[in-house]
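# Examining the three-dimensional arrangement
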Amino acid sequence: MATTGSALGFSTLEQELGETELTCRGQVPAWLEGDLLRTGPARFEVGKVSYRHWFDGLAMLHRFRIHGGRVVYTNRYLHSNAYQEAESAGTIRRPEFATNPRPTLLQRLRLSSRPRSGDNGNVNTSRIGHHTAALTETPHPVAFDPDSLATLDSEALQPSLPGQITTAHPHFDTRRQCQYNYLLEFGRVSRYRLYRMDAGSTDPQVVATIDTRRPAYMHSFGMSDRYLILTEFPLVTNPLSFLLLNRPFIRNYRWEPDRGTRFHVIDKDTGKVVKTCQTDAFFSFHHVNAFEQDGKLHVDLVAFADASVVDDLYLDHLRSGAVITATGKLTRCTIDLAGDDPVTLRVLDGASVELPRFDYRRRAGHAYRYVYAAGNSPGASFFDTLHRFDLDTGETDTWSETGCYTGEPVFVPRPGARGEDDGVILSVVLDTTTGHSILLVLDASSFAELARLNVPHAVPFGFHGNFFSLPPG
């Protein structure tokens, strides 16, 4: 029986295409030149064994090359170690976020020090040094050729610092010309290590170390002009559980709301923890932006009341067509840097959203006005709306179409643009009326549709990607 509705976006894609020019309705702006490089889960079964969670599927790369008003698409599986071992064995071999391949006792002992040892880069794409890489939440980025999407030797990208967990959302500081990220090292006393790598380098330099006995699950972190912000949600683990219990990675974490949510504010230049403060418990996957203003630090993110969203994203639930609850509220957390005022939380808009983006290149770490996000309408089984939020006026624009399920809205500024919203939004949208996906191009200011490009197949729902300008020539 053919898969229908939003469940189609959680079906395995076998087809890999070489360069294929996409037919277009509308007109792609002539100034838009570059590659939209995305990654996401695309194989949800290996042999007779299925992955359990959306976050688990084997990664596939997708490239939309935009040049001269034309768009050429190609896709290819990421040939990570996780992929190659699964292909060779005909079954799942490496543990993922919520899938455990039933390791032997010896394997469990090894996993206690490397609870997620895989390199299944299905979360995001980034540049590390001079390499283009696919990232997941382990410190094993996988390099690939942005032209052919062929997987490359990634040995040079492995960080020399100890740690088992990281984030697929590194920050780039334009003023300091460096990238920031963090590593979590499990132990009797676990450690968060924040580090930087200068542009063009793969050599990490420790900025700060914070000890913890109950490490939290953190999918992202915040960055303002002066500070890095680790937001510790009360979804925490005892590292011994990885050794003693044969459970998938995320099942070792427990929601402990009495701990509240803690913010650690770290000075980028000195490494000093200038503030640690706490507020009521909430959860988030994605930070949006952070900036300082009048002695306050504003940290914007998509907030959930608790961590039950993790359970909402199991494949059985997502494929059932049930109403989705995996969206949160765009929320501003305000920290008093100089005084003792409590952390305040303010919902910036009441829409249910996820996968937030903004003009990162020019506004990261600074006051900003516009946020773009995917969302879901009441009763929807998955993201079916794109939102444009004006944080100054409170106005909201939306895009939606019957039978269409939306992906992350990637903002691309027009070269030489002065306005913060002068550019386009790129989103991979699943059109269930045709059974294929489209690349949607919206004007970032008016939110009017400029063009849609027809992909020859349904692209499984992914998470993140980035737009990379083409090199000269």
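Look up: the structure comes first, before these words.
What comes next is a walk through the structure. (Residues numbered from 1 in each chain as written. Predicted model: local features only at pLDDT ≥ 70, side-chain atom pairs only at ≥ 80, totals over all residues. Heavy atoms only, no water.)

### With respect to the overall build of the protein chain
Scanning the protein chain from N- to C-terminus turns up six helices and 34 strands. For 473 residues, the compact-globule estimate of 2.2 N^0.38 gives 23 Å, and the protein chain sits close to it at 21 Å. For the protein chain, the spread of C-alpha atoms along the principal axes amounts to about 55 × 55 × 50 Å. Within the protein chain, residue pairs in contact and separated by at least 24 positions form 59% of the contacts whose partners lie at least 6 positions apart. For the protein chain, the accessible surface area stands at approximately 18,700 Å², while carbon and sulfur atoms represent 47% of it. Averaging the positions of the 48 positive and the 55 negative side-chain charges in the protein chain gives two centres separated by 5 Å. (Helix = DSSP H or I, 4+ residues; strand = E, 2+ residues; numbered from the N terminus. Rg over C-alpha atoms; globule rule 2.2 N^0.38 Å. Contact = heavy atoms within 4.5 Å. Areas by Shrake-Rupley, 256 points an atom, 1.4 Å probe, with all protein chains shown as cover. Lys, Arg positive; Asp, Glu negative; His and termini not counted. Charge placed at Lys NZ, Arg CZ, Asp CG, Glu CD.)

### A look at the pairing of strand E26 (residues 370–375)
Along a regular strand, successive side chains alternate from one face of the sheet to the other. When you tally the buried positions in E26, you get six out of six residues, the bulk of the element. Burial along E26 is two-sided: the residues Tyr-370, Tyr-372 and Ala-374 and Val-371, Ala-373 and Gly-375 are all buried. Judged from the three bridges that link them, strand E25 (residues 344–357) and E26 form a sheet pairing that is antiparallel. Along E26, the bridge assignment pairs Glu-354 with Ala-374. Where E26 and strand E27 (residues 385–390) come together, six bridges link them in antiparallel fashion. In the sheet register, Tyr-370 faces E27, and the bridge partner there is Asp-390. (Buried < 20%, exposed > 50% of the residue type's maximum accessible area, 1.4 Å probe, protein only. Pairing = 2+ DSSP bridges.)

### Here's the deal with the packing of aromatic side chains
One pair of aromatic rings is described through two measures. These are the centre distance and the angle between the planes. Taken as a whole, this structure holds 34 aromatic pairs when the rule is applied. Between the aromatic rings of Phe-382 and Phe-383, the centroid separation amounts to 4.4 Å while the plane-to-plane angle is 35°, which identifies the pairing as tilted. For the pair formed by Phe-382 and Phe-383, the shared burial category is buried. The cationic tip of Arg-43 hangs over the ring face of Tyr-77; the distance from NZ or CZ to the ring centre is 4.7 Å. (Phe/Tyr/Trp six-rings, centres within 6.5 Å; stacked < 30°, edge-to-face > 60°. Lys NZ or Arg CZ within 6 Å of the ring centre and 35° of its normal.)

### Side note on the sheet that holds strand E6 (residues 58–67)
One open sheet accounts for five strands, arranged E1-E7-E6-E3-E34; its pairing is antiparallel. Only two strands of the sheet have a single neighbouring strand rather than two, namely strand E1 (20–21) and strand E34 (464–469). Bridging between E6 and strand E7 (residues 70–77) involves eight bridges; their strand directions are antiparallel. Residue pairing for E7: Met-60 is matched across the bridge by Tyr-77. The strands touched by helix H1 (residues 81–89) are strand E3 (34–43), E6 and E7; relative to E6, the strand with the most contacts, the crossing angle is about 125°. (Axes fitted to C-alpha atoms, helices over the stretch in contact; angles between N-to-C directions.)

### Structural notes on H1
Among the residues of H1, Ala-82, Tyr-83 and Ala-86 are the ones counted as buried. Along the long axis of H1, the arc covered by the buried residues comes to 100°, so they all point the same way. Looking at the buried side of H1, the elements it contacts are E3, strand E4 (45–46), E6 and E7. Positioned one or two residues after H1, Gly-90 has a phi angle of 75°, which is positive. (Arc of directions from axis to C-beta.)

### Some remarks on the state of the cysteines
Disulfide: a covalent bond connecting the sulfur atoms of a pair of cysteines. Counted according to the given criterion, the structure contains zero disulfides. Cys-24 forms no disulfide, and the closest cysteine sulfur to it belongs to Cys-404, at a distance of 15 Å. Here Cys-277 stays unpaired: no disulfide links it, and the sulfur of Cys-333, its closest cysteine neighbor, is 9.6 Å away. (Disulfide = S-S within 2.5 Å.)

### A closer look at the layout of surface pockets
Quantified by volume, the largest pocket comes out at close to 1,200 Å³. Around the largest pocket, the lining comprises 42 residues; the ones closest to its centre are Ser-126, Pro-170, Phe-172, Tyr-360 and Asn-466. Split by residue class, the lining of the largest pocket holds 17 nonpolar, 19 polar and six charged. (1 Å grid on protein atoms, 1.4 Å probe; cavity = no way out; pocket = protein on both sides within 12 Å on 5 of 7 lines; lining within 4 Å. Points joined across faces, edges and corners; volume = space filled by probe spheres on them. Nonpolar A, V, L, I, M, F, W, Y, C, P; charged D, E, K, R; others polar.)

### What about the side chain of Ser-381?
When you line up the elements, Ser-381 lands in the loop between E26 and E27. Discounting residues that sit within four places of it in the chain, Ser-381 has contacts with Ser-6, Gly-321, Ala-322, Ile-324 and Tyr-405.

### Section: the pairing of strand E15 (residues 205–212)
Where strand E14 (residues 190–198) lies against E15, seven bridges are found, and the strand directions are antiparallel. Paired with Arg-196 across the bridge in E15 is Gln-205.

### Re a nonpolar patch on the surface
A cluster of nonpolar residues, Leu-240, Leu-243, Leu-244 and Leu-245, forms a patch on the protein surface that exposes about 350 Å² of accessible area. Examined against the element boundaries, Leu-245 turns out to sit in the loop between helix H3 (240–244) and strand E19 (253–255). (Patch = residues over 30% accessible without salt bridge, like charges linked within 9 Å, V, L, I, M, F, W, Y side chains within 5 Å. Salt bridge = Lys/Arg side-chain N within 4 Å of Asp/Glu carboxyl O.)

### Structural notes on the nonpolar core
Within the largest apolar cluster, 93 residues are counted, with the highest numbers of intra-cluster contacts made by Trp-54, Tyr-217, Ile-250, Phe-283, Phe-285 and Phe-382. Broken down by element, the residue count for this core peaks at six residues, all from strand E23 (residues 296–304). Every residue in contact with Tyr-217, bar those within four places of it in the chain, is listed here: Phe-97, Glu-137, Phe-233, Leu-235, Phe-249, Ile-250, Tyr-253, Phe-283 and Phe-285. Residues Leu-22, Val-28, Leu-36 and Phe-64 belong to the second largest nonpolar core, which totals 21 residues. (Core = buried A, V, L, I, M, F, W, Y, C linked by side-chain atoms within 4.5 Å.)

### Overview of the environment of Ala-168
Looking at the secondary structure, you find Ala-168 in the loop between strand E11 (165–166) and strand E12 (171–173). For Ala-168, a relative accessible area of 0% translates into the label buried. With 33 residues separating them along the chain, Ala-168 and Leu-135 place their C-alpha atoms 5.3 Å apart. Setting aside its immediate chain neighbours within four residues, Ala-168 contacts Val-123, Asn-124, Leu-135, Thr-136 and His-219.

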